[in-house]
Each structure stands twice: as structure tokens, then as C-alpha cells.
Amino acid sequence: MSSPVASRFVGSAVHRKEDRRLLTGHGQYVADASAPRMVHAAFLRSDVAKARLNSVNIEAAKAAPGVVAVFLWSDFHEKFGEAWHAMLGQELVVPPPLAITDVRYVGDPIALVVATSRALAEDACGLIEVEYEPEQATVDYATAAADSNVVHAAWGLPSNVMVAVPFTPMSADLDETFGSVEHVVETTIVQNRYLCVPMETRGVLASWTPGLEELDLIVATQSVHETRNFFARYLGLDEGAVRVTARDVGGGFGQKMFVFREECAVVLATKLLGRPVKWIEDRLENLISAGHSRNELGHVRMAISADGVIEAITVDHVADVGAYTPCPAVMDPTLLPGPYRIPRLGFSTQMVWTNTMGKAAYRGPWMFETTAREMAIDVAARQIGMDPAELRRRNLLSLPELPFTSPGGKVFQEITPLETLEQALGMLGYDEFRKEQAAAREQGRWLGVGICVYVEPTSMEQSTLGTEGATIRIESSGKVVAFLSTTSHGQSIETTMAQIIADDLGVSYDDVTVVQADTQSTPYGPGTGGSRTAVIAGGAAHDAAVAVRDKVLGIAAHMMEAAPEDLEIAEGVVAVRGTPDRSLTIKEVATQAYTNAHTLPVEMAGGLEATIRFKPKRFPTWSNATHVCVVEIDPDTFIPRILRYIVSEDCGKMINPQVVEGQIFGGVVQGLGGVLYEDFRYDQDGNPQTTTFLDYLLPTTGEAPKIEIGHIESVSTTNPGGFKGMGEGGAIGAHAAVANAVGDALAHLGVNVTSTPLGPEQIFQLVQATKKERA
């Protein structure tokens, strides 16, 4: 039997519901929020990377104009309990909100000043006198494990090792394979430290109501429900006593997924003061004290046969987690083989503390597995004398040979790695490019192409991530309201979910309103991240809409004395198939459901509402893509310039092509920024060196290339819509693609590119070092 509704909106680039308010300046962010008797907070932060706190004198600050209170750790001590994020587990408790006896990175919060304005609070911070007893900082994560200067010595930790997994061979014949193949390639891939840098920094307006013992938070977050649960644990409250809302959130990228120390301090301040406290992070704070990302290395080995088949791959991985990590973003080395037909795997991993800002999730936190493999493949291709594209062709999986189980236990289904590679190379005209490159080199031009092929695990099952909720209600007016468990921060969720719901209910897209990010009105959800929304929230929206549609058809069938299976819905009208003059509007059905519910049969409930929790049929839902980048480097200035950037994306059935491409554009620019422009640096004493946008360079519209996108749609069977997640893929693929393009442009000079960043300074140093080696 045909569906009672026809698809009209899914797959179309409809106008975004968010655009009207955002483009006209009517977006509502935390900075726009206010409350009666509201006061403002500012933090005094350490300007030393590691030191004992001998004394902190706050008397002058307390007497400063406009100051309401000055808090130290002693004021907060015993005012809260241990709290953690459900996704991360109870073993990762959020550290104390303010420094206790020592500071462990530049930016470590020591005191919180509350005043009638942010300016007065900052002025008072300048009056606080701190006596430090400096100690030797541990900054280099590559040597931190053996460093005798222990970051968390005050906690009694014996070393700087947070996590250590010894080398684990996933295949019994791993050593034998490396001993018998034609080629063994070894290289160390190093990825630099760079940051999320959301347009809107972190912020919170916290209001405690004495007597009622209730907490109200307006916060820039990716997860209102987990923020509520966190603070209920933190303050020993019932969840119902904490309300969390997020208005428009100006980007998160993982940095706003988890509550951290500053939000805890502000909440404790409002509880102690009994009046609303607001904190808006400034850009300096965001650069030095919000979660940092990447900054890891891997020693990669590949065993390759004479005919270019990769028989095994291993990695010895080390990552920097900083001093206090909001989210350790642990590498999953079982992803290292990626979408390749590699039968053997081995790995070790070590995560170490340093006296720097802590590691946080950043768009594609499993990115290094791709970066290490894809950069190593280019190194291997040059070493064995094979074109990098051809080496990939000989080893990539393709749709007809799936499912395939990797040596890490990943079961790949419904992905198209080889197909996206061929599409991307075809869009470039790869063979013609190689001819153009050869001619360019004869003219003294440095032209290169880089490739990255990856698979992205979306909609994963870890902890709370495996399910989302949706409540959908048709109001008495016939309009539709959907209450979703999501917390959007730039993903066009109001748009894409409304498209799904409108199609499933047979109503106009403009008649659907999406409500999210309010713990008092929406179902529980773990937060928007991990490329989950299309699959899991989309599945919940679909199932709830279908449940409401069935109620509409049931009531309409009763009203028209017809069988439900003989009815169809289109343009908000329920009609008997083949007899369009026998029809009712959705509004008429809603009137019956609400106003005249007493006339319905006993077995038929009134109202038009349903709540559903959705869980995919299996985890994860895999998506994949290929990125191809063409770079030219000026031989005189060593400045790299991207000439072309191509993406072939397979994210299943697209809900909205414009939204898909927008997500790709943003991710690609973040990824290329981390190679060519962005690099957060500390000196040997742990002092941050890139604390403004004059030093920490972000790609702007002037640097962003035109991005060409091709699509392949292999439909997923994990969810009813056939969708796949893809929000992080652009950032995952861009880093290696751009780095490999720079490497290819310099290959004829004998330069071997294995680390990032790759700005003019680094390219110059690579070229000079190669000249010295050859001299």
C-alpha cells in the first residue's frame, strides 16, 4: 500500500527557519539575557603556568566600587558535591572551580569577583595581590611521561600519565607480516594544537531562588539536559529543581558540550548571593582557558606488498590532555585502518598531563586516526614509488564488497570510499592535473595535490548517546509544534527536523514550529554532537510524527465513516483516496480531537500528540567522503595558496542539500585553518604566545577557497529516513588533504611533510633543512 502522505520537503533546499531572526539581528544569545538585580562576574586568572599559591589578598578588591563579593576556593569549599557528565563517566569528575593551593596552567582561575558591571569586576580583579612560588612547568607532551615535574603532584599522582594502553597487536601474525613484506614504511605524524574558537564565547546567566531552592540557567551549551543533570548532582537537587535553557548558540564544535569550572563557580556564586550572576567569557579567556584541541602525534608503520597492498598498519600514539581536561577526547586506534581493506592492526596510546589548558572535544575528535593514516599513506606512496591516488585505489573498500569487518572490529556497511575517491578525482581531472603539475615544475612553480579518504562513525551508542526523544503535537489550530531533545548550535535543526515532520504529517513546512533547548518542555537528550541529529533525532521526529499521523487518520476515518487505510493526507487535508470531495482539514480533525473528544469511540484517545524515543537499528551509522586539495606555494615567500578544493560526500539521503553543503564548507575551513593558519603556542615555561587574533590566525572569507562538492547517496538502513550524520566530516578530512597537498608541492625538492602547521615559516624551514641535508 502506498504511503498516506507524499514526500515534498525532505531532499529540498527549503528556506531555513533560523535565518529570519539571525540575519536580521534578532538572535538571542546569553549576552542578550538579563534578570532583575543581576550582577556580573569576572575571574582573576593565573599568569604563571605552575606555582604554589603562598597568599591571595582580596581586601582591596572587596572595597572597590561596585563590588558585591569576591570569592576564593575557601568560600566554595563544601558547598557542592562531586559531579560528572554521564557521557564521560563518574571517574572524570570536574575539578574544583577555583585553584586551591596551586595553579597548573596560565589561565587557571584563582578568584571570582562579582560586581554591578563587568568592567568594575575586571577592575577589582586587578587589585587582588597574589604571591606565587613558581615551579618548573611541564609543557612538551612528547616528553611529559618521563618528566619528574608532575603536573598533579598536589593530588598525589606519581607521574604525568593519564591513560596508557601498551602496544596491542590485533592480529596474531602482525610481526610475521612486517618481516615478510616488500616495503616497511615508518613515519611520525605530528598534529599541532588548535582551537574551536566559536563566534560566541562561553557564557552563563545563573539565578538561584532562595526559599524555593531552585536554579535557573541560561547558558551557551550543546546540551541543556546534561547541564541540568550535572548541576542537580553538583548541588544535591532534584532534576526538577533545575531549569536550563539555551537560546541561540553561536557555535560550539565540542567546546560547549560539557560544563566546566567557570560555570560551576558562577552557579555557586548565585547560590551564595541569592541573586542572578552573569558571566560572559571574553576572547582572551576563550583562547587561553576554554578547551584546547588536537596536539598529538603518532609513529605509524605500514607493511606494504610489492604490488601496493597495505597488509598491516600500526601506531604508537601520544596526546596532550593539558592540566584539567573538559573532555579527554580519547583516540580510538581501532579506527586507524579507516575505510581500507587492511587486514592487520596494532597500536599503543598514551595521554599525558601538561601545564597547559586542557584538551576538549573539537569537531571530529577521532580526527587524528584519519590524519595519521592519510599523511602516512602519502609518505608511503613516495617511498615505494607509487602515485598516492593509485595506492589508495588498490586498498580502498567499495560498496559491493560490504559488509567488511576491520581488524579493529569495526563493521563497515553502506559506505562508498572508492566511489567517492573516483568521483573527486574525476571532478579534478586528476590525470590532466599531473600533466599540468609537471609543466609547472619546469617553470619553477610549486604545485601539489593532496587526498584524504575517511570514514566517520556517526550516531554512536556510547553512554547516553544512543537515543533521542521527540514530542509532537497538532494544536487545535491545526498547526504543529515539535518538542525535541536537541540543543542546536548552528546545525539548522529547526529547519531539517521541520522538513521531516512536515512530510510525515502531510502538512506545510511553514506550519511546523520546532522547540528545543529547554529542560522544562522538551524530552531528555544527551546533547547535539557526534554527528547524531539527522539519524537519531530525525528518527525520533519521524516516529513521533507517524504516531500523530495515525491518530489523525483514525479520528478522520471515524468522522468520515471510512477505513483509515483508505485515507491520505496532503497539504493539510485528509481525503479519501480517489474521492477528493470527501475530505477534512487537519484543523477540523484537531477540533474533533480536542473539543469533541467525548464523542469519539471509547478506544480512541482524544488529542493529537505523541512522545517517542528513538534508537537506531544498529550502531554506528557510517558516513564517508573524499577530499582533494590543490595548493600552490610561492617559491619566494613560501606562502601556500589553495587553488581548488573538492569534496565527494556520502551522507546517505540528504534532508536539505543546502544545509549539508553548509556543514561541509564550515568544517573544511576549520580543518584547513589548522594546517595553514592556526597554531596555538606555548613557550618552554608554559606562557601562551598566541593570545589575540593578531597572533592566533583564523581563516576568513578572504582565505577560504571555493569548495566544489559532489554527492553520492548510499541510503542507510539504521533509521527510517535513510540518513547519515555528517556534521564533523569536513573538519576531519581537510587537515590531511591540505597537508598532503603541501607535501606534494614540495616533494620534487626532497621535502618530506609529516607535521603541521604548514604556514610560510614552517615551509621555509622545511625547504632550508632539506637543502642542508643535500649539501
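What counts as what
- Residues numbered from 1 in each chain as written.
- Predicted model: local features only at pLDDT ≥ 70, side-chain atom pairs only at ≥ 80, totals over all residues.
- Heavy atoms only, no water.
- Helix = DSSP H or I, 4+ residues; strand = E, 2+ residues; numbered from the N terminus.
- Rg over C-alpha atoms; globule rule 2.2 N^0.38 Å.
- Lys, Arg positive; Asp, Glu negative; His and termini not counted.
- Charge placed at Lys NZ, Arg CZ, Asp CG, Glu CD.
- 1 Å grid on protein atoms, 1.4 Å probe; cavity = no way out; pocket = protein on both sides within 12 Å on 5 of 7 lines; lining within 4 Å.
- Points joined across faces, edges and corners; volume = space filled by probe spheres on them.
- Nonpolar A, V, L, I, M, F, W, Y, C, P; charged D, E, K, R; others polar.
- Pairing = 2+ DSSP bridges.
- Axes fitted to C-alpha atoms, helices over the stretch in contact; angles between N-to-C directions.
- Domains from an automatic or database assignment.
- Contact = heavy atoms within 4.5 Å.
- Buried area = accessible area lost by both parts, 1.4 Å probe.
- Salt bridge = Lys/Arg side-chain N within 4 Å of Asp/Glu carboxyl O.
- Polar contact = N/O pair within 3.5 Å; in protein donor to acceptor, adjacent residues only side chain to side chain.
- Buried < 20%, exposed > 50% of the residue type's maximum accessible area, 1.4 Å probe, protein only.
- Parallel < 35°, antiparallel > 145°, perpendicular 65-115°, else oblique.
- Left-handed = near helix turned anticlockwise from the far one by under 90°.

1. Concerning the overall build of the protein
Piece 1. Regarding its fold elements, the protein presents 18 helices and 28 strands.
Piece 2. Since a compact globule built from 775 residues should have a radius of gyration of about 28 Å, the 28 Å found for the protein is in line with a globular shape.
Piece 3. Seen through its principal axes, the protein has C-alpha atoms that stretch 95 × 70 × 50 Å.
Piece 4. For the protein, the separation between the mean place of its 62 positive charges and that of its 95 negative charges on side chains is 2 Å.

2. Remarks on the layout of surface pockets
Any empty space left between the atoms is revealed when a probe the size of a water molecule rolls over them.
Piece 1. The computed volume of the second largest pocket comes to approximately 370 Å³.
Piece 2. In terms of lining residues, the second largest pocket is bounded by 18 residues, among which Tyr141, Arg193, Asn295, Asp679 and Phe680 are the most central.
Piece 3. Put simply, the parts of the chain that give the lining of the second largest pocket at least two residues each are strand S8 (183–195) and strand S13 (292–304).
Piece 4. Per-element tally for the lining of the second largest pocket: the top contributor is S8, with four residues.
Piece 5. Per-class residue counts for the lining of the second largest pocket are eight nonpolar, five polar and five charged.

3. Considering the sheet that holds strand S15 (residues 345–353)
Hydrogen bonds between backbone atoms are what pair the strands of a sheet, whose relative direction is either parallel or antiparallel.
Piece 1. If you trace the five strands from one edge of the open sheet to the other, you get S7-S15-S14-S13-S8, paired in mixed fashion. Looking at strand neighbours, the two that pair on one side only are strand S7 (161–169) and S8, the edges of this open sheet. Geometrically, the sheet is characterised by an average inter-axis angle of 10 degrees between neighbouring strands, direction not taken into account.
Piece 2. Sheet topology note: the S8/S13 ladder contains twelve bridges and is antiparallel. Counterpart to Thr187 in the pairing with S13 is Val300.

4. Concerning the domain arrangement of the protein
Piece 1. Segmenting the protein into domains produces domain 1 (19–26 + 462–614), domain 2 (33–135 + 199–251 + 256–289) and domain 3 (396–403 + 411–459 + 620–775).
Piece 2. Contact residues are listed per partner, giving 18 residues for domain 1 and 18 residues for domain 3.
Piece 3. Taking both partners together, domain 1 and domain 3 bury about 1200 Å²; carbon and sulfur atoms supply 64% of that area.
Piece 4. When the buried surface of domain 1 facing domain 3 is broken down by residue, Ser531, Ala534 and Val535 rank first, second and third, together holding 42% of it.
Piece 5. Counting every contact that joins domain 1 to domain 3 gives zero salt bridges.
Piece 6. Run the count over domain 1 and domain 3 and you get eight residue pairs in polar contact (both at pLDDT 80 or more).

5. Here we look at the pattern of salt bridges
Two side chains carrying opposite charge are able to pair once their charged atoms lie near each other.
Piece 1. Under the defined criterion, the tally for this structure stands at 42 salt bridges.
Piece 2. Across the pair Asp248 and Arg21 runs a salt bridge, and its minimum N-O distance is 2.7 Å. With a gap of 227 residues between them, Asp248 in the loop between strand S11 (242–245) and helix H7 (261–273) and Arg21 in helix H1 (residues 19–23) connect regions that are remote in the sequence.
Piece 3. Take Arg21: its relative accessible area is 24%, and that puts it in the partly exposed class.
Piece 4. In this structure, Asp102 and Arg104 form a salt bridge, with 2.9 Å as the shortest nitrogen-oxygen distance. Comparing Asp102 with Arg104, the two get one shared label, buried.
Piece 5. Via salt bridges that share partners, Arg45, Arg118, Glu122, Arg202, Glu262, Glu281, Asp282 and Glu285 belong to a single interconnected network.

6. Some points on the sheet that holds strand S2 (residues 51–57)
Piece 1. The antiparallel open sheet is built from three strands, whose spatial order is S4-S2-S6. The open sheet has two edge strands, strand S4 (102–103) and strand S6 (129–134), and neither has a second partner.

7. Comments concerning the packing of helix H9 (residues 367–384) against helix H17 (residues 729–746)
Piece 1. Two numbers describe how H9 lies on H17: the axes approach to 8 Å, and their chain directions differ by 25 degrees. With respect to H17, the axis of H9 lies roughly parallel. In the crossing of H9 with H17, the sense of the turn from one axis to the other is right-handed. Contact residues: Met367, Thr370, Thr371, Glu374, Met375, Asp378 and Arg382 in H9; Ala731, Ile732, His735, Ala736, Ala739, Asn740, Gly743 and Asp744 in H17.
Piece 2. Looking at the contact of H9 with H17 residue by residue, the class counts come to six nonpolar, five polar and four charged.

8. Section: the environment of Val70
Piece 1. Position of Val70 among the secondary structure elements: in strand S3 (residues 67–71).
Piece 2. Along the backbone, Val70 and Ala41 are 29 residues apart, and their C-alpha atoms lie at a distance of 9.5 Å.
Piece 3. Aside from chain neighbours lying at most four places away, what touches Val70 is Ile58, Ala61, Lys62, Asp75, Leu112, Val113 and Ile128.

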